[in-house]
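Fold and geometry: a report
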Amino acid sequence: MAPRLSLLLALLLAGASMAQQQLMEYMERRLAVLEERISQWHDQSSRYSTELREFKNQVLTMLENSEKERERLRAEVENAAVRVDRLEREVDYLETQNPAPPCVEVDEKLMENQGSAAKRRKNEKYDKLTDCSDTISQVKAMKILKKFGSSAGLWTKDPVGSSEKIYVFDGTSNDTVYVFPRMREFTLFSATRKAARIKLPYPWVGTGHLVYGGHLYYIRQQGTFQVIKFSLANKTVVDSSVFPAEEQIPVFGLSAFNYIDMAADEEGLWAIYATRENEKNICLAKLDPASLDIEQMWDTPCPRENAESAFVLCGALYVVYNTRLPSRSRVQCVFDVSGAMTPEDAALVYFPKRYGSHSSMKYNPKERQIYAWDDGYQIIYRMEMKKKAEI
């Protein structure tokens, strides 16, 4: 028995020793693999640290160069600002050297003859000057440029020629017009010192003014409301006209400061107004831009009540309405002087609601968009058109 126990014990000890040896070999292999991975991680970490230091040095160099470039640009901008201010002072000085033009007297007999001729052609069929037959389908897009000046005002461009100047009438009564060289300057700069100034010989009233063909047509109040034609090139008054209508009243129920609203379209120059004789509805007149003679007049079916502004497009008057508690502005009445489109045929156009109500809306026939002034915000409306026959 004893030899068998000894043999069994020997076998057990041999097996345990072999298992221990295998375990040690396994542990040694795992440790070797771990050491190899640690070595690889160390090499990679060293490489990443080196690359990070190189990237940091590159970024620091770029930042230093950027700071130097910024300082250079700042110096150039300051230098340009100084030169622009000097130029503005020189322009202001030159403008002050031009004396105000003499007052343009109104020939009462001439105005009486002009009024009689206009009344004889009142409400007659209009002979179109162009083949424009478009009407508004809807407001395609709206862009708010900025907020500038008073709650009521006017901003516009000359639709004739290639000038990019922006003309701004701030408020409803003043004698100074701000002129920005381009849209970019008007958008970026809020200070009026960046704009040139035109000092008008007579104060203007309302927001019904217009820039057309190198001339400024603005409304002067002196007893009766008078349209002044002012040359932007010569800074002089070249003509004036008084409407042959007795007891004029505000043309828009929600804009009591407007008695005459000048407009331009593909057909030329128009005047939107109202009289005591027909105080419920709005009147329209076609003007000769050269002489300011009234070529034709119409009594429209568009009511003054709740009207806030209007514009003319392809020989059709579009009146924009709102409420005294501001809601969405909308074109609710259209009067086509050619008779090609009836008010019932016109599309009901809504303007996106933003702030209050429009104190002015000037259609630019060259760009096919409207320059609007809404509670101090300057807005551009892009219009989508369609043929009148498609309505």
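Our subject is the structure listed above.
Everything numeric in this text was worked out from a predicted model, so none of it was measured.

Scoring rules and cut-offs
Residues numbered from 1 in each chain as written. Predicted model: local features only at pLDDT ≥ 70, side-chain atom pairs only at ≥ 80, totals over all residues. Heavy atoms only, no water. Helix = DSSP H or I, 4+ residues; strand = E, 2+ residues; numbered from the N terminus. Contact = heavy atoms within 4.5 Å. Disulfide = S-S within 2.5 Å. Buried < 20%, exposed > 50% of the residue type's maximum accessible area, 1.4 Å probe, protein only. Pairing = 2+ DSSP bridges. Axes fitted to C-alpha atoms, helices over the stretch in contact; angles between N-to-C directions. Phe/Tyr/Trp six-rings, centres within 6.5 Å; stacked < 30°, edge-to-face > 60°. Lys NZ or Arg CZ within 6 Å of the ring centre and 35° of its normal.

It is worth spelling out the side chain of Glu 267 at this point. For Glu 267, the location among the structural elements is in the loop between strand E10 (260-265) and strand E11 (268-273). Beyond its immediate chain neighbours, meaning those up to four positions away, Glu 267 contacts Tyr 126, Lys 128, Leu 129, Thr 130, Lys 286, Cys 314 and Gly 315.

Let us now look at the state of the cysteines. Scanning the entire structure with this criterion turns up two disulfides. At a sulfur-sulfur separation of 2.1 Å, the disulfide partner of Cys 302 is Cys 333. Negative torsions about the S-S bond denote left-handed disulfides, and the value of about -80° found for Cys 302 with Cys 333 makes this one left-handed. Placement of Cys 302 in strand E13 (residues 294-303) and of Cys 333 in strand E16 (residues 330-336) is noted, with a sequence separation of 31 residues between them. One exposure class covers both Cys 302 and Cys 333, and it is buried. Sequence-ordered numbering of the bonded cysteines in the protein gives a pairing of 1-3, 2-4.

A positive phi angle is found at Lys 235, which is not glycine, with a value near 55°. Locating Lys 235 in the fold gives a position in the loop between strand E8 (224-231) and strand E9 (236-242). We classify Lys 235 as partly exposed; its relative accessible area is 23%. If you check the backbone angles, Cys 314 has positive phi at about 50° while not being a glycine. Note on placement: Cys 314 falls in the loop between strand E14 (307-313) and strand E15 (316-321). Its relative accessible area of 0% is what places Cys 314 among the buried residues.

What follows deals with the sheet that holds E9. Two orientations exist for strands paired in a sheet by backbone hydrogen bonds: parallel and antiparallel. Across the sheet, four strands lie side by side as E6-E7-E8-E9; this open sheet has antiparallel pairing. Only two strands of the sheet have a single neighbouring strand rather than two, namely strand E6 (210-212) and E9. Across the sheet, the mean angle separating the axes of adjacent strands is 30° when strand polarity is ignored. Strand direction decides the pairing type here: E8 and E9, joined by six bridges, are antiparallel. Bridge pairing links Phe 230 to Val 237 in E9.

Geometrically, a pair of aromatic rings is defined through the distance of the ring centres and the angle of the planes. Evaluated as defined, the whole model comprises ten aromatic pairs. Centroid distance Phe 169 to Trp 204: 5.3 Å. Interplanar angle 80°. Geometry classified as edge-to-face. Residue Phe 169 is found in strand E3 (residues 166-170), and its partner Trp 204 is found in strand E5 (residues 196-205); the two are separated by 35 residues along the sequence. By the burial criterion, Phe 169 is buried, and Trp 204 matches it. For the ring pair Phe 180 and Phe 186, a centre distance of 5.1 Å and an interplane angle of 65° mean the geometry is edge-to-face. Of the two residues, Phe 180 and Phe 186, neither departs from the other in class, the shared state being buried. Members of the aromatic cluster, each reached through a chain of ring pairs, are Phe 148, Trp 155, Tyr 178, Phe 180, Phe 186 and Tyr 371. Across from the ring centre of Phe 186, 4.8 Å away, lies the NZ or CZ of Lys 146, which sits over that ring. Over the face of the ring belonging to Tyr 202 we find Arg 220, whose NZ or CZ atom lies 3.8 Å from the ring centre.

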